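Coordinate inspection notes
Spelled out from the first residue to the last, the chains are:
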Amino acid sequence: MKTYKLVRREARPDPSIIRLSNGATFGGDVLAICAGPCSVESREQIEATAKAVARSGANVLRGGAFKPRTSPYAFQGLGIDGLQLLRDAATRNGLAVVTEVLDPRDVEMVAQYADMLQIGARNMQNFSLLREAGESRKPVLLKRGISATVEEWLMAAEYLLLAGNDQVVLCERGVRSFDSATRNVLDLAVVPLLRALTHLPVIVDPSHGTGVARLVPPMTLAAIAAGSDGILIEVHPDPVNAASDGAQSLTFEQFDALMSQMPTIVWAAGRQLPTATLAA
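Just so it is clear, the structure is predicted and the values come from calculations on it, not from any experiment.

On to the side chain of Asn165, then. Summarising the element assignment, Asn165 is placed in the loop between α5 (150-162) and β8 (168-172). A polar atom in the side chain of Asn165 sits 2.9 Å from the backbone nitrogen of Gln167. With residues up to four places along the chain from it excluded, the contact list for Asn165 reads Ala133, Gly134, Ser136, Arg137, Lys138, Val140 and Leu160.

Another point: the packing of helix α1 (residues 43-56) against helix α2 (residues 80-92). Contact geometry of α1 with α2 gives a least axis separation of 9 Å together with a crossing angle of 30°. When the axis of α1 is compared with that of α2, the two are roughly parallel. Here α1 and α2 pass one another in a crossing that is right-handed. Across the interface between the two elements, Arg43, Ile46, Glu47 and Ala50 of α1 pack against Leu85, Leu86, Asp88, Ala89 and Arg92 of α2. Along the lines of polarity and charge, the residues of the contact of α1 with α2 split into five nonpolar, no polar and four charged.

Now for the pattern of salt bridges. This model, assessed by the stated rule, comprises twelve salt bridges. With a shortest N-O distance of 3.1 Å, Arg144 and Asp187 are connected by a salt bridge. Within this pair, whereas Arg144 is found in the loop between β7 (140-143) and α5, its partner Asp187 is found in the loop between β8 and α6 (190-197), the two being separated by 43 residues in sequence. Residue class for Arg144 comes out buried when judged on its relative accessible area of 6%. In this structure, Asp229 engages Arg271 in a salt bridge whose closest nitrogen and oxygen atoms are separated by 3.0 Å. One end of the pair, Asp229, is in the loop between α8 (216-226) and β10 (230-234); the other, Arg271, is in the loop between α9 (252-268) and α10 (275-279), and 42 residues separate them in sequence. Neither Asp229 nor Arg271 differs from the other in exposure class; each is buried. One continuous salt-bridge network, built from bridges that share partners, spans Arg144, Glu172 and Asp187.

Conventions we followed
Residues numbered from 1 in each chain as written. Predicted model: local features only at pLDDT ≥ 70, side-chain atom pairs only at ≥ 80, totals over all residues. Heavy atoms only, no water. Helix = DSSP H or I, 4+ residues; strand = E, 2+ residues; numbered from the N terminus. Polar contact = N/O pair within 3.5 Å; in protein donor to acceptor, adjacent residues only side chain to side chain. Contact = heavy atoms within 4.5 Å. Axes fitted to C-alpha atoms, helices over the stretch in contact; angles between N-to-C directions. Parallel < 35°, antiparallel > 145°, perpendicular 65-115°, else oblique. Left-handed = near helix turned anticlockwise from the far one by under 90°. Nonpolar A, V, L, I, M, F, W, Y, C, P; charged D, E, K, R; others polar. Salt bridge = Lys/Arg side-chain N within 4 Å of Asp/Glu carboxyl O. Buried < 20%, exposed > 50% of the residue type's maximum accessible area, 1.4 Å probe, protein only.

Written as structure tokens, this is what we have:
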């Protein structure tokens, strides 16, 4: 018997569908399009980004208020001020919010601003954080750890379900490799594999998966073709001067161009884009 019991496909034959407050769904026929900056830097930056990605067809605004950075001297985020800016910008543009929580003590506070809590790659096996997020009953986006096996990833999700939270979405964001040509190796084979192993939705983050902005569009389309339930893309008004991860961020124009390429692939995959995208 599999070591994970609640997330396995046999525990729930029908795929789970996670719904956010603005109607965005993870799972089912309609893709979730999550877009926004790596870090919330200012009111002007997040307002402009929310407006641009919503106009192009995104239905979830991503952005970091608390940033886990390798260097303690790197930009760590605006904290609670960033959460408020993110929430205000999303609400004005009809978007839901997904943002990262780093500390179990902050789950309740972050949940007041976010529609979905993100547990990042560095915290995939932070078991105290998993338990606290599980007890919050708030939808959770669980990213794959940088060197995590599929079983370890699913066992991390098991912690969330065991704590009482079945609103969990898995996010493939690449795994560490010996090759430095890209930031990570984006494991798209894991998408159909997970669809066979678990009832949980799975989305793909091609920004962290490649670390190279020009690779994001083709890998986004490949992820949709592989069966991804959504995408998570970094978009910034001025990537060259971004406080973090500018090299993998799309400009507004690049994101809009990508969205215009999606309909044929989405149709071929038997899915739909959010209504706003179809209308555009």
